[in-house]
Amino acid sequence: MHKYHIIIGLVALVLILPIFAAKSHARNFLHKAPIINCKILNSFPHDESAYTQGFLYHDNFFYESTGKHGHSSIRKIEPESGRLCTEYKIDQNLFGEGLCLWNKKIFQLTWKSGKCFVYDSKSLARTGSFKYKGQGWGLTSDGQFLIQSNGSDSLTFRDPHDFKKINTLKITDGNTKISRLNELEYADGVILCNVWYKDKIGAIDPVSGKIKFWLDISNLRPLAGKKAEVANGIAWDNKNKRLFVTGKFWNKIFEIKLHQPKQITSDL
Ligand SMILES: [Ca+2]
């Protein structure tokens, strides 16, 4: 009898295991992030000749990094008028990428040159540079680390004092890897990211790497002029809790509402 009990037990286990596996798969699938429509609150002028690669807001000004060889720059812009207050061109053989602010310094990546430039945030005078391996795409800061994308599905956390790698974080939506992570912005505890070729901004949990929700911004590009290419600029005004987005060759910057539904954040 004892032998029969063991056989029955094994058969039951074989039958039950796939059910648990299927349930687990369904649960992960259900945890794919919700998509939230974007609500436009305001708009500002943007230089439609700017191939936007990095974007931030600080002390009443926008700061932007532009790309393409021969057209790459770092610039400080007055929001209401779109007037360029300061602009420095980058060497012709370099391609400007993401930028971020940390401790009154602005860091600017380049695409394939492995060079990160450091500027004084007020004057935009160049004060230093770092070398790194791999491509540079987007850059932001959580106040402690610099957070960099390189076109893959991973973000790299770096020490702002020497640009050394501290950690990497894989980004997923449910079970799906999210690659082509591009321009970044740390805002209210999430890392917002443009994804190359997507008209959606992902809100990443900085600990788990899971997408918490998507902002559907497909309504913006048709309003940004005939030359408008992909969305690739996110800036956060932390003082007034305002979110700004723009893109490559867009003629406008949009202020949009950042939703963080409580039932979604508490679920993760
Ligand atoms: Ca940004």
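As a starting point, this report considers the structure included with it. (Residues numbered from 1 in each chain as written. Predicted model: local features only at pLDDT ≥ 70, side-chain atom pairs only at ≥ 80, totals over all residues.)

## Digging into the sheet that holds strand 21 (residues 231–237)
In any sheet, the strands associate via hydrogen bonds between backbone groups, in a parallel or an antiparallel arrangement. The line we're drawing: We call two strands paired when DSSP finds no fewer than two bridges between them. Comment: elements are numbered from the N terminus, with helices defined as DSSP H or I runs of at least four residues and strands as E runs of at least two. Each axis is a line fitted through C-alpha atoms, and for a helix only the stretch in contact is used; angles between axes span 0 to 180 degrees, taken between their N-to-C directions.
Taken in spatial order, the four strands of this open sheet run 2-23-22-21, and their pairing is antiparallel. Looking along the sheet, the strands with just one partner apiece sit at the ends: strand 2 (40–45) and strand 21. Across the sheet, the axes of successive neighbouring strands diverge by a mean angle of 25°, strand direction being ignored.

## Things to note about the pairing of strand 10 (residues 126–131)
A regular strand places its side chains on the two faces of the sheet in alternate fashion. Using the following cut-off: Counting other C-beta atoms within 10 Å of its own, a residue is labelled buried from 20 upward, exposed at 12 or fewer, and partly exposed in the gap between, with every C-beta atom placed from the backbone.
Of all six residues in strand 10, zero are buried, a share of ten percent or less. Where strand 9 (residues 115–120) and strand 10 come together, five bridges link them in antiparallel fashion. By the bridge assignment, Cys116 is partnered in strand 10 with Phe130. Between strand 9 and strand 10, which pair antiparallel in sequence order, lie five residues; one of them, Leu124, sits at a positive phi of approximately 65°.

## What to know about the pairing of strand 20 (residues 211–216)
Within strand 20, five of the six residues are buried, which leaves it mostly tucked inside the rest of the structure. Taken together, the five bridges between strand 19 (residues 200–204) and strand 20 define a ladder with antiparallel strand orientation. The partner of Lys200 across the bridge, within strand 20, is Asp216. Where strand 19 folds back on strand 20, the antiparallel hairpin that results is connected by six residues, among which Gly209 adopts a positive phi of roughly 80°.

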